[in-house]
There are 2 protein chains.
Amino acid sequence: MYFADRLADASRQKHSVAILGVDPQLDTPTTPGIPAGYTLTQFCCETIEACAPWIVAIKPQLAFFEARGVDGMQAFAEALRTARRLGLLTIADAKRGDIGSTSAAYAEAFLGDGDFASDAVTVNPYQGADATMPFIAKVPKGRGVFILVKTSNPASGEFQDLPSPDRRLWEKIAERVEGWGGDFVGTSGLSSVGAVVGATYPADLKRARELLPHATILVPGYGAQGGAASDAVAAARADGLGAIVSASRSVMYAYLKAPGKKPPQAAADAIVSMRSALNDALAAR
Amino acid sequence: MYFADRLADASRQKHSVAILGVDPQLDTPTTPGIPAGYTLTQFCCETIEACAPWIVAIKPQLAFFEARGVDGMQAFAEALRTARRLGLLTIADAKRGDIGSTSAAYAEAFLGDGDFASDAVTVNPYQGADATMPFIAKVPKGRGVFILVKTSNPASGEFQDLPSPDRRLWEKIAERVEGWGGDFVGTSGLSSVGAVVGATYPADLKRARELLPHATILVPGYGAQGGAASDAVAAARADGLGAIVSASRSVMYAYLKAPGKKPPQAAADAIVSMRSALNDALAAR
């Protein structure tokens, strides 16, 4: 069964387009990356478990696990196992991409059968079709790919918005993504070759849906990065499917603004609010 | 001491611009990724040890370690330790890049003090300055960054060569790399903010040197990917420094074409030939 169809089914069943970004931040002078009394694995897995009823997938950010070395990678693998056990889909936010033979190894790492195997992975298209095709080759096996199109960060326009030459670079890439995904449209009408488009650029999100009528769009940037629910759902189809919205810091670290609540409980409360806000925004369109 | 200066010193001392791509391939129907009788760690570390006298750095490709899960990441850390013990510089070929806070975690992973700490890392610029700056922030601490400019793969032109609008995208990025690196030019006259430009596009390599007068240029694509020595050295300055040339498969797997030789010995022989070919090509310019 195609990944996009599994995702759409989960969204219907749970009445949710929310996904949990599992981003255990590094320590800062003001905030501990791991709350006192938790191990890295506990913090991630208990948060996933607490949020599970209201989300369709987790999206662990590899950077925060790699920054903790081999122990971090063990925790990443454990977070994936926990999510699978809870019936959640898993999206490795790895933003990988390289020459063909190397992308094939990355595809094996994240869409194969090993420790880091996930249902889907995010992919950086800068190196062109060689970089993306080895990931897309895993789609018939039920895996999904989200290709960076227009990212949520402040400087995303620096290269992505360049006129290249008749349209912006990201629009050109969006057209290619739609083409790459054409052969993999499932019963939901959605392709398992999806796109990443940030909630922080709502006009671009609407434009992306036009350019990508079949893509499942992964929308980061909700919450701590400033994207609003009404912005984030701009990428959804008329039936409310086709866009999944991720929040990370605003959920994982909700406990910092909720005195007396344990981190997993604060995260669950935050995700319940987020799910409602997204559903309300979808209904209000 | 700046990374670029350490690299230039090592090149002078060893009379070599060769670096070893540590790419333990995955098994294929015809070829085992790890030679019979070796573990992953042994294969990598014994190859590094055998090649050490003739190279200035190793460049492990993260994909081939991630594809092997937690054990692979342990082997990656071990390869880095072996290289350091042998006085070699280490370049993590990770091609990372993400929104600012996430790139900062990647910079910590690869340019910090943990298991995966290396002297330099390759960075994907698609997300703009937010993605690159957290890595560049480590340069004053002696670390190096190689930003993807024009990559060696067949489809690299698909987006990198787009007119954007007055020059190709990669040329635009090259100009930015030169700007980012301007504050970090050491006694060698080279910046620790470097660029990746493939040996497979020799005309572009020459053009890259013009656009990047101060960058250390990392040149992949020599050997198995088809780049010749005369092409690869096109990015060097007149004094022969400023470009380092990487070969991976043609060295690690030289034993497949050298019956009777053990893999590390065949790799050492291949790297000796490569070093000579590059030095001859530099002298012949």
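Residues numbered from 1 in each chain as written. Chains lettered and ligands numbered in written order. Predicted model: local features only at pLDDT ≥ 70, side-chain atom pairs only at ≥ 80, totals over all residues. Heavy atoms only, no water.

What exactly am I supposed to notice about the nonpolar core here?
Where a protein is soluble and globular, its nonpolar side chains tend to be buried together. Phe110(A), Leu278(A), Phe110(B) and Leu278(B) are the most contacted members of the largest nonpolar core, which totals 211 residues. Residues within four places of Phe110(A) in sequence aside, it is in contact with Leu62(A), Phe76(A), Ala92(A), Ala94(A), Arg96(A), Phe116(A), Ala117(A), Ser118(A), Val121(A) and Glu66(B). (Core = buried A, V, L, I, M, F, W, Y, C linked by side-chain atoms within 4.5 Å. Buried < 20%, exposed > 50% of the residue type's maximum accessible area, 1.4 Å probe, protein only. Contact = heavy atoms within 4.5 Å.)

Honestly, the sheet that holds strand β5 (residues 144-150) of chain B in this entry has me stumped. Any pointers?
Consider a sheet: its strands pair through backbone hydrogen bonds, and that pairing is either parallel or antiparallel. Residues and elements named next belong to chain B. Pairing in this closed barrel of eight strands is parallel, and the strands run β1-β2-β3-β4-β5-β6-β7-β8 around the ring. Averaged over all pairs of adjacent strands, the angle between their axes in this sheet comes to 30 degrees, without regard to strand direction. Note: strand β1 (residues 18-22) against strand β8 (residues 243-247), three bridges, orientation parallel. Its bridge partner being in β8, leucine 20 is matched across the sheet by alanine 247. Where helix α1 (residues 3-14) meets the sheet, it contacts β3 (89-96), β4 (120-123), β5, β6 (191-197), β7 (215-219) and β8, and its direction lies at approximately 130 degrees from that of β3. (Pairing = 2+ DSSP bridges. Helix = DSSP H or I, 4+ residues; strand = E, 2+ residues; numbered from the N terminus. Axes fitted to C-alpha atoms, helices over the stretch in contact; angles between N-to-C directions.)

Help me understand unusual backbone geometry, please; the structure alone is not making it clear to me.
Note: most peptide bonds trans; most residues except glycine with negative phi. Residue Pro165(A) is bonded to the preceding Ser164(A) through a cis peptide linkage, with omega at -20 degrees. Positive phi is not limited to glycine here, since His15(B) has a value of about 45 degrees. Examined against the element boundaries, His15(B) turns out to sit in the loop between α1 and β1. The class for His15(B) is exposed, based on a relative accessible area of 53%. Although it is not a glycine, Lys95(B) sits at a positive phi angle of roughly 50 degrees. Tracing the backbone through its elements, the reader meets Lys95(B) in strand β3. According to the relative accessible area criterion, Lys95(B) is buried, its value standing at 8%.

Just to check I follow, could you spell out the packing of helix α4 (residues 69-85) of chain A against helix α4 (residues 69-85) of chain B for this structure?
For any two helices packed against each other, the geometry is given by the interaxial angle and the distance between the axes. Contact pair α4(A) / α4(B): the axes reach a minimum separation of 10 Å and the direction vectors enclose 170 degrees. Relative to α4(B), the element α4(A) is oriented roughly antiparallel. Contacts between α4(A) and α4(B) involve Val70(A), Met73(A) and Gln74(A) on the former and, on the latter, Val70(B), Met73(B) and Gln74(B). (Parallel < 35°, antiparallel > 145°, perpendicular 65-115°, else oblique.)

What's the story with the environment of Ala10(A) in this structure? I'm lost.
All names here are of chain A. With respect to the secondary-structure elements, alanine 10 resides in helix α1 (residues 3-14). Given a relative accessible area of 17%, alanine 10 falls into the buried group. Separated by 75 residues in the primary sequence, alanine 10 and arginine 85 place their C-alpha atoms 15 Å from one another. When residues no more than four places from it in sequence are discounted, the contact partners of alanine 10 are His15 and Val56.

Is there a simple way to explain the pairing of strand β3 (residues 89-96) of chain A in this structure?
Within a regular beta strand, the side chains point alternately toward one face of the sheet and then the other, so they alternate between its two faces. All names here are of chain A. Of all eight residues in β3, eight are buried; the element is thus mostly enclosed. Here β3 shows two buried faces, one formed by Leu89, Ile91, Asp93 and Lys95 and the other by Thr90, Ala92, Ala94 and Arg96. Pairing geometry for strand β2 (residues 57-60) and β3, over two bridges, is parallel. Its bridge partner lying in β3, isoleucine 58 is registered against threonine 90. A crossover connection joins β3 to the parallel strand β4 (residues 120-123) through helix α5 (residues 100-111); in handedness this β-α-β unit is right-handed. (Right-handed = clockwise from strand over helix to strand, strands pointing away.)

Is there a simple way to explain the interface of chain B and chain A in this structure?
In many analyses, interface size is given as the accessible surface area lost on bringing the parts together. Across the contact, 58 residues belong to chain B and 58 residues belong to chain A. Summed over both sides, the interface between chain B and chain A buries roughly 4800 Å², with carbon and sulfur atoms accounting for 61% of that surface. Summed over the shared surface of chain B and chain A, the number is six salt bridges. For Glu158(B), the salt bridge goes to Arg176(A), with nearest N and O atoms at 2.4 Å. For the interface between chain B and chain A, the tally reads 30 residue pairs in polar contact (both at pLDDT 80 or more). Listing elements by their share of the side of chain B that touches chain A, those giving two or more residues are α3 (62-66), α4, β3, α5 (100-111), α6 (129-136), β5, α7 (157-160) and α8 (169-181) of chain B. It is α5(B) that contributes the most residues to the side of chain B that touches chain A, seven residues altogether. The residue makeup of the side of chain B that touches chain A, split by class, is 29 nonpolar, 16 polar and 13 charged. (Buried area = accessible area lost by both parts, 1.4 Å probe. Salt bridge = Lys/Arg side-chain N within 4 Å of Asp/Glu carboxyl O. Polar contact = N/O pair within 3.5 Å; in protein donor to acceptor, adjacent residues only side chain to side chain. Nonpolar A, V, L, I, M, F, W, Y, C, P; charged D, E, K, R; others polar.)

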